[in-house]
Amino acid sequence: MSGRPEQALAADMTPEDPEETQPLLGRPGGSAPRGRRVFLAAFAAALGPLSFGFALGYSSPAIPSLQRAGPPAPRLDAAAASWFGAIVTLGAAAGGVLGGWLVDRAGRKLSLLLCTVPFVAGFAIITAAQDVWMLLGGRLLTGLACGIASLVAPVYISEIAYPAVRGLLGSCVQLMVVTGILLAYLAGWVLEWRWLAVLGCVPPSFMLLLMCCMPETPRFLLTQHKRQEAMAALQFLWGSEQGWEEPPVRAEHQDFHLAQLRNPGIYKPFAIGILLMAFQQLSGINAVMFYAETIFEEAKFKESSLASVIVGIIQVLFTAVAALVMDRAGRRLLLALSGVIMVFSTSAFGAYFKLTQGPPSNSSHMDLLAPVSLEPAEASVGLAWLAVGSVCLFIIGFAVGWGPIPWLLMSEIFPLHVKGLATGVCVLTNWLMAFLVTKEFSSLMEVLRPYGAFWLASAFCILSVLFTLFCVPETKGKTLEQITAHFEGR
């Protein structure tokens, strides 16, 4: 499981400018722009995250389908199934690095258009797969596309949006990711793995068509000294260029040098961006999602695959709520609230495993997962409902803050001349952490026992709340230039 467009233009103003506190594209009288096409452009870009959500969710229904498959279709054993799920995160880590390079060289729009190629090619290879290697190759390609889309879409959206709607539009990145995951779960009920992969080609193809009609971000065009095109893009997106002031383009596309890390305007957002991504994964989100079906089975759900859909619906609903209140409540409040909810839910989850755990044994982690109840059957089902409740509470907590906001802040806090590199490092951090957490969580449960693993996640959630309160700045309503000035102490 994300700067804002208006800011892009706002960055054009020098901090000394008396109008710095006004949105760059203010109307006469200071009201915000009312352009509707900015929403269409944001939707077109957000089809990238929708495709990436579908690619993430694809493995959940496809793995059981592939394990049942008979010749001549490829069949997955347990080890291949593990890689089929995890290899996407490795591809995405590489995609983050590639996306960071592309976004500054090719531009935001062309990078989004290019990421449709590995999406469609990857799903096409899976559709035509004759052996396990073709399946893994297709998954690696879709992972690469996920990495590029997870970096470029937030940057594009943040640079086209005006400050009053940047939080709303920026949160749509995570909303589309969870919607894509839910679509994959729902489609998996009626489609076998090949047809599911065919369906996976639809969102990126639609994005390719829509993005062809959308402009490059005005902010990027200004760094290329294409002022006339930037003004035309601004007019298209916001419906007006009145009140916009020419930004001084200060060698914005110069190469990054390590010496620049001594500048607080670079090292502060760098540290915040990397830690936001690390805490997002250390919260335990992937582990909870991975074990959701097992937990719902314990609660005697007749249809355990329903668990994935219930979790998916909760994610979509509460990410939508977060998007709607993002520009009113602010980023810090939602992050802190989200962290507190996750502390309580992971603690309750750990308590559930502790209460149902049998005596220590030398069994594998698969035995650890199915709690050996020492209680009567009814008490066991009651405890299982405690687990179901804590799973749902955790998903709600994650969806309102730590799901969407790290991606949103990543696209807001970096100065223009290091944005490609810095967002690339953040995305790489996120996907590598996702890979490590997903692959190593089982081993961690063997060492610490299941309750210990979830209490460790709870400790990380406590650290994330403290980090939010003491280190994360509020970016609500600010232009991208004002955010940069804040870090530079101006």
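Residues numbered from 1 in each chain as written. Predicted model: local features only at pLDDT ≥ 70, side-chain atom pairs only at ≥ 80, totals over all residues. Heavy atoms only, no water.

**Overview of the packing of aromatic side chains**
Counted only if it meets this: Only Phe, Tyr and Trp rings are paired, with Trp represented by its six-membered ring, and only when their centres lie within 6.5 Å; those with planes under 30 degrees apart are stacked, over 60 edge-to-face, the remainder tilted. By the criteria applied, helices consist of DSSP H or I runs no shorter than four residues and strands consist of E runs no shorter than two, each listed in order from the N terminus. Three labels apply to residues, based on accessible area from a 1.4 Å probe with only protein chains included: buried if under 20% of the type maximum, exposed if over 50%, partly exposed otherwise in between. Charges are assigned to positions over rings by a cutoff of 6 Å between ring centre and Lys NZ or Arg CZ, combined with an angular limit of 35 degrees from the ring normal.
As enumerated under the stated definition, the model contains 14 aromatic pairs in all. When the centroid spacing of 6.0 Å and the interplanar angle of 70° are considered together, the rings of Phe 54 and Phe 123 count as edge-to-face. Linking Phe 54 in helix H2 (residues 37-68) with Phe 123 in helix H4 (residues 108-127), this pair joins segments that are 69 residues apart in sequence. Overall, the relative accessible area of 3% leaves Phe 54 in the buried class. The positively charged end of Arg 37 is found above the aromatic ring belonging to Phe 236, 4.6 Å away from the centroid.

**A short note on the pattern of salt bridges**
Counted only if it meets this: In the sections that follow, a salt bridge refers to a side-chain nitrogen of Lys or Arg positioned within 4 Å of a carboxyl oxygen of Asp or Glu.
Scanning all chains against the criterion turns up 6 salt bridges. Between Glu 159 and Arg 108 there is a salt bridge, with the nearest N and O atoms lying 2.7 Å from each other. Linking Glu 159 in helix H5 (residues 132-160) with Arg 108 in helix H4, this pair joins segments that are 51 residues apart in sequence. Taking relative accessible area as the criterion, Glu 159 reaches 0% and is therefore assigned buried. Note on Arg 108: relative accessible area 1%, which makes it buried.

**Let's talk about the confidence of the model for the protein chain**
Spelled out, the test is: Per residue, pLDDT captures the predictor's confidence, and it can take any value from 0 to 100. In this analysis, two residues are considered to be in contact whenever any of their non-hydrogen atoms come within 4.5 Å of each other.
On average, residues of the protein chain score 82 in pLDDT, and 82% of them reach the 70 mark or higher. Taking the mean pLDDT of every element in the protein chain, the minimum, 38, falls on helix H1 (residues 5-10) and the maximum, 96, on helix H8 (residues 202-211). Of the regions scoring below 50 in pLDDT, residues 1-30 engages in 139 contacts with residues more than four places distant in sequence or in other chains. The low-confidence segment residues 361-376, where pLDDT is below 50, has 25 contacts with residues more than four positions distant or belonging to other chains.

**A word on unusual backbone geometry**
With a phi angle near 60°, His 225 is a residue other than glycine that sits in the positive phi range. Relative to the helices and strands, His 225 is located in the loop between helix H9 (218-223) and helix H10 (227-238). The backbone of Arg 449 shows a phi angle near 70°, a positive value even though the residue is not glycine. By secondary structure assignment, the location of Arg 449 is in helix H18 (residues 419-471). Residue Arg 449 is classed as buried on the basis of its relative accessible area of 13%.

**Concerning helix H17 (residues 405-413)**
An α-helix turns once per 3.6 residues; consequently, residues spaced three or four apart project the same way. Extensive coverage of H17 is indicated by the burial of 9 of its 9 residues. All of the buried residues along H17 are Ile 405, Pro 406, Trp 407, Leu 408, Leu 409, Met 410, Ser 411, Glu 412 and Ile 413.

**Comments concerning the environment of Gln 235**
When you line up the elements, Gln 235 lands in helix H10. On the basis of relative accessibility, which here comes to 35%, the residue Gln 235 falls in the partly exposed class. C-alpha of Gln 235 to C-alpha of Pro 218: the two residues are 17 residues apart in sequence and 9.7 Å apart in space.

**Regarding helix H3 (residues 78-105)**
Condition: To estimate how far a helix should extend, the number of its residues minus one is multiplied by 1.5 Å. A residue's bend is the angle separating two fitted axes: one through the seven residues that end there, the other through the seven that start there.
Taking 1.5 Å of rise per residue, 28 residues should cover 40 Å, and H3 covers 41 Å from first to last C-alpha, within 8% of that figure. Ala 86 marks where H3 bends most, by close to 35°. Of the residues one or two after H3, Gly 107 is the one with positive phi, at around 100°.

**A short note on a nonpolar patch on the surface**
The condition is simple: Patch definition: residues with relative accessible area over 30% and no salt bridge; like charges joined within 9 Å; nonpolar side chains (Val, Leu, Ile, Met, Phe, Trp, Tyr) joined within 5 Å. Computed with a 1.4 Å probe, the accessible areas rest on the Shrake-Rupley method; for each residue, only the protein chains presented here act as cover.
A surface patch of nonpolar side chains, about 510 Å² in accessible area, is lined by Ile 462, Leu 463, Leu 466, Leu 469 and Phe 470. By secondary structure assignment, the location of Leu 469 is in helix H18.

**Digging into the environment of Ala 121**
For Ala 121, the position within the fold is in helix H4. The spatial distance from the C-alpha of Ala 121 to the C-alpha of Gly 138 is 7.4 Å, given a sequence separation of 17 residues.

**Concerning the side chain of Ser 65**
Using the following cut-off: Each polar contact in these results corresponds to two N or O atoms within 3.5 Å; when the atoms are within protein, one needs to be able to donate a hydrogen and the other to accept it, and residues that are neighboring in sequence are counted only if both atoms are side-chain atoms.
Residue position: Ser 65 is located in helix H2. A distance of 3.5 Å separates a polar side-chain atom of Ser 65 from the backbone nitrogen of Trp 193. Apart from the residues within four sequence positions on either side, Ser 65 is in contact with Glu 192 and Trp 193.

**Thoughts on the packing of helix H14 (residues 331-356) against H17**
Convention followed: Throughout, an axis means a line fitted to C-alpha atoms (over the contacting stretch in the case of helices), and angles, computed between N-to-C directions, take values from 0 to 180 degrees. These descriptions rest on fixed angle ranges, namely under 35 degrees for roughly parallel, over 145 for roughly antiparallel, 65 to 115 for roughly perpendicular, and the rest for oblique. A clockwise turn of the near helix away from the far one marks a right-handed crossing, whereas an anticlockwise turn of less than a right angle marks a left-handed crossing. Think of it as three bins: nonpolar holds Ala, Val, Leu, Ile, Met, Phe, Trp, Tyr, Cys and Pro, charged holds Asp, Glu, Lys and Arg, and polar takes everything else, Gly as well.
With their axes 11 Å apart at the nearest point, H14 and H17 run at an angle of 150° to one another. For the element pair H14 / H17, the angle class is roughly antiparallel. The interaxial crossing formed by H14 with H17 has left-handed handedness. Note on element contacts: H17 touches H14 through Ile 405, Leu 408, Leu 409 and Glu 412, opposite Arg 331, Leu 334 and Leu 335. For the contact of H14 with H17, the residue count by class is 5 nonpolar, no polar and 2 charged.

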